[in-house]
Amino acid sequence: MTEDLQCIGCGAHIQTEEPETIGYTPKSALEKGLETNEVYCQRCFRLRHYNDIQDVNMTDDEFLRLLNGIGMQDALIVNVVDIFDFNGSLIPGLHRFVGNNPVLMVGNKVDILPKSLKRGKLIQWMRERAHEAGLRPIDIALTSAKKKNEMSDLLDLIETYREGRDVYVVGVTNVGKSTLINAIISTTAGVDNVITTSQFPGTTLDKIEIPLEDGHFIIDTPGIIHRHQMAHYLGNKDLKLTSPTKEIKPKVYQLNAEQTLFLGGVARFDYLQGDKTAFIAYVSNDLDIHRTKTATADEFYAKHAGGLLQPPRPNELGDFPKLVRFEFSIKEPTDLVFAGLGWITVKSPCVVAGWAPKGVDVVIRKALI
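These notes cover the structure that comes with them. Here the residue index of a chain counts from 1 through its sequence in written order. Local features in a predicted model are, by the rule used here, given only for residues with pLDDT of at least 70; side-chain atom pairs are given and counted only at 80 or more, and totals for whole chains, interfaces and linings are based on all residues. The side-chain figures draw on all heavy atoms in the structure; neither hydrogens nor water molecules are used.

Here the focus is the overall build of the protein chain. A run of DSSP states H or I qualifies as a helix once it reaches four residues; a run of E qualifies as a strand once it reaches two. Both are numbered from the N-terminal end. Helices and strands together make up the secondary structure of the protein chain, namely 10 helices and 16 strands. Residue exposure (1.4 Å probe, protein chains only): buried if accessible area is under 20% of the type maximum, exposed if over 50%, otherwise partly exposed. Burial status across the protein chain gives 54% buried among its 369 residues. Whether two residues are in contact is decided by their heavy atoms, any of which lying within 4.5 Å being enough. In the protein chain, 71% of the contacts between residues at least 6 apart in sequence involve partners at least 24 apart. In short, Shrake-Rupley with a 1.4 Å probe defines the accessible areas, and a residue's cover is counted only from the protein chains shown. Here the protein chain displays about 17,200 Å² of accessible surface, and carbon together with sulfur accounts for 48% of that area.

Here we take up the environment of Q42. You can see Q42 is positioned in helix α2 (residues 42-50). Residue Q42 is classed as partly exposed on the basis of its relative accessible area, which comes to 26%. Residues Q42 and Y24, 18 residues apart in the sequence, show an inter-C-alpha distance of 5.9 Å.

So, on to the sheet that holds strand β14 (residues 342-346). Pairing is antiparallel in the open sheet, where five strands are placed in the order β7-β10-β14-β13-β16. Strand pairing shows two members of the sheet lacking a second neighbour, β7 (251-255) and β16 (362-366), which therefore form its edges. Between one strand axis and the next, the sheet turns through 25 degrees on average, direction left out of account. Pairing between two strands is assigned when DSSP locates at least 2 bridges connecting them. Here, axes are lines fitted to C-alpha atoms. For helices the fit covers the stretch in contact, and angles between N-to-C directions go from 0 to 180 degrees.

Put simply, the grid is 1 Å and covers the protein atoms alone, a cavity is a trapped set of points that fit a 1.4 Å probe, a pocket is an open set with protein on both sides within 12 Å along at least five of seven lines, and lining residues have an atom within 4 Å of a point. Grid points are joined across faces, edges and corners, and a volume is the space filled by probe spheres set on the points. Taken as a whole, this structure holds four cavities of 30 Å³ or more when the rule is applied. Of the pockets and cavities examined, the largest cavity occupies roughly 150 Å³. Looking at the largest cavity, it is lined by 15 residues, and the ones nearest its centre are D82, D85, N174, S243 and G340. Residue polarity follows a fixed list, in which Ala, Val, Leu, Ile, Met, Phe, Trp, Tyr, Cys and Pro are nonpolar, Asp, Glu, Lys and Arg are charged, and the others, Gly among them, are polar. For the lining of the largest cavity, the residue count by class is seven nonpolar, five polar and three charged.

Our next topic: the state of the cysteines. Here, a disulfide means two cysteine sulfur atoms that sit within 2.5 Å of each other. For the coordinates displayed, the defined rule picks out zero disulfides. This cysteine, C44, is not joined by any disulfide, and C7 carries the nearest cysteine sulfur, 3.6 Å off.

Let us look at the nonpolar core. The biggest cluster of nonpolar side chains holds 57 residues, and the ones touching the most others in it are V78, L104, M105, L113, L122, M126 and L154. A per-element tally of this core places strand β1 (residues 75-82) first, with six residues. With residues near it in sequence (within four places) discarded, L104 still touches L76, I77, V78, N79, I138, D139, I140, L154, L157, I158 and Y161. Of all hydrophobic cores here, the second largest spans 42 residues; its members include A305, C350, W355 and V360. The criterion is simple. A nonpolar core is a set of buried Ala, Val, Leu, Ile, Met, Phe, Trp, Tyr and Cys residues joined through side-chain atoms within 4.5 Å.

Attention now moves to the sheet that holds strand β9 (residues 267-273). With antiparallel pairing, the five strands of this open sheet are ordered in space as β11-β8-β9-β15-β12. Looking at the sheet topology across the chains shown, the edges are occupied by β11 (289-293) and β12 (323-330). The sheet shows a mean angle of 20 degrees between the axes of neighbouring strands, taken without regard to direction.

What counts as a salt bridge is simple: a side-chain nitrogen of Lys or Arg found within 4 Å of a carboxyl oxygen of Asp or Glu. Scanning the entire structure with this criterion turns up 15 salt bridges. Ionic pairing is found between R129 and E128, a salt bridge with its closest N-O pair at 3.9 Å. Under the relative-accessibility criterion, E128 is labelled partly exposed at 35%. In this structure, the salt-bridge partner of R165 is E163, at a minimum N-O distance of 3.8 Å. Residue classification places R165 among the buried positions, given a relative accessible area of 14%. Shared partners join several salt bridges into a network, and the residues in it are D74, E163 and R165.

The next subject is the packing of aromatic side chains. One pair of aromatic rings is described through two measures. These are the centre distance and the angle between the planes. The rule is short: rings of Phe, Tyr and Trp, with Trp giving its six-membered ring, pair when the centres are within 6.5 Å, and they are stacked under 30 degrees, edge-to-face over 60, tilted in between. Counted by the stated rule, this structure contains seven aromatic pairs. Considering the side-chain rings of F262 and F300, the 5.8 Å spacing of their centres and the 25 degrees angle between planes classify their relative orientation as stacked. One end of the pair, F262, is in strand β8 (residues 259-263); the other, F300, is in helix α10 (residues 297-304), and 38 residues separate them in sequence. A network of ring pairs unites the aromatic residues F84, Y282 and W343 as a single cluster. Put simply, a charge is over a ring when the Lys NZ or the Arg CZ is close to the ring centre, within 6 Å, and near the line of the ring normal, within 35 degrees. In this structure, R268 packs its charged tip against the face of W355, placed 4.2 Å from the ring centre. For R365, the ring lying beneath its charged end belongs to W343, and the centroid distance is 4.7 Å.

Right, let's talk about a positive patch on the surface for a bit. Patch rule: a residue counts if its relative accessible area is over 30% and it has no salt bridge; like charges are joined within 9 Å, and nonpolar side chains (Val, Leu, Ile, Met, Phe, Trp, Tyr) within 5 Å. For the purpose of counting charges, residues Lys and Arg are taken to be positive, whereas Asp and Glu are taken to be negative. His and the chain ends are not included. All charge positions are set by atom: Lys at NZ, Arg at CZ, Asp at CG, Glu at CD. Taken together, the side chains of K118, K121, K347 and K366 present a region of like positive charge at the surface. Tracing the sequence through the fold places K118 in the loop between β2 (103-108) and α6 (119-132). Among the residues examined, K118 registers a relative accessible area of 55% and is labelled exposed.

Glancing now at the environment of V175. Structurally, the position occupied by V175 is in the loop between β4 (166-170) and α8 (177-189). For V175, a relative accessible area of 1% puts it in the buried group. The contacts of V175, once residues within four sequence positions are left out, are V80, V81, D82, S89, N108 and K109.

Quick look at the structure:
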């Protein structure tokens with residue numbers, strides 16, 4: 001019987017009948033797992049051993065239904081966001097899900113930001129954006145799931161705010177939430193990689209409860225799918241190119257007006273009006289940037305998208321949304337932010353435009369560096 005068995009990777013209920021559905025594992029693999037007390041669904045097994053993500057059938061409604069009960073609990077809500085994709089990682093309407101429960105907002109992946117970025121500035125900017133979205137976090141913390149000292153500090157903060165209650169960890173897909181939970185387990189229990197992690201959206205498929213010493217739990221919930229994340233328009237290989245895993249090295253470009261930078265084939269920056277000046281790109285070190293004239297940029301993109309300009313790859317071009325243009329008149333040092341990709345710092349007064357796939361935000365903020 002598999003009715004009460006859960007995958008220790010993603011929390012899904014184990015079943016051996018429907019390969020396309022959540023929790024599937026072949027009977028032979030189940031028998032081996034029962035012998036070692038480590039039962040994984042096929043999806044998690046392949047992800048752990050081959051870094052291979054498999055699609056399964058789960059609807060947005062099912063994700064949301066799992067979260068709907070949180071407001072009825074007496075708990076601390078830990079909302080994990082990706083500080084590299086803050087706009088794309090806010091949960092729409094989270095303030096309506098949580099009821100009267102306090103929210104601790106945790107900005108993950110701080111290790112990839114340049115060391116010259118001041119944490120205080122970033123926290124203030126996050127607080128302002130959260131307030132705009134109707135959320136009033138009790139506190140905002142920055143952390144990296146890759147650094148044990150950061151985890152210890154975060155656990156101390158959670159302990160301060162939970163006041164003997166359960167802790168629900170929530171976030172949209174691809175913010176590093178399960179990696180964070182794994183780091184918490186490793187820090188508290190010395191057990192590594194209990195929960196499946198990957199760079200790909202949608203890894204945790206059911207609630208996973210991690211016991212605390214006082215009988216309460218840290219509860220890892222599935223990621224809510226946010227359709228305006230850059231990650232949803234990219235294939236597995238391209239996510240590795242665009243999602244930084246190491247500290248970003250700034251790239252400086254001296255541009256004249258009417259010059260364009262292509263960030264792979266997924267975004268575009270136009271310098272429209274102003275004197276010759278420097279622009280600093282903060283994106284993944286693995287993402288190629290190409291310069292061209294703005295007057296011929298459309299032709300350049302049509303010719304090279306999927307080739308010289310990757311990602312997307314040639315076989316993904318048909319499904320890739322067209323780039324949409326956002327124009328800005330800049331008065332002070334400003335970051336032009338491409339949600340999920342990075343930003344370009346504009347130091348001098350000028351007019352610029354940013355392009356991103358339809359549905360992905362391009363916004364400006366006061367320069368953080």
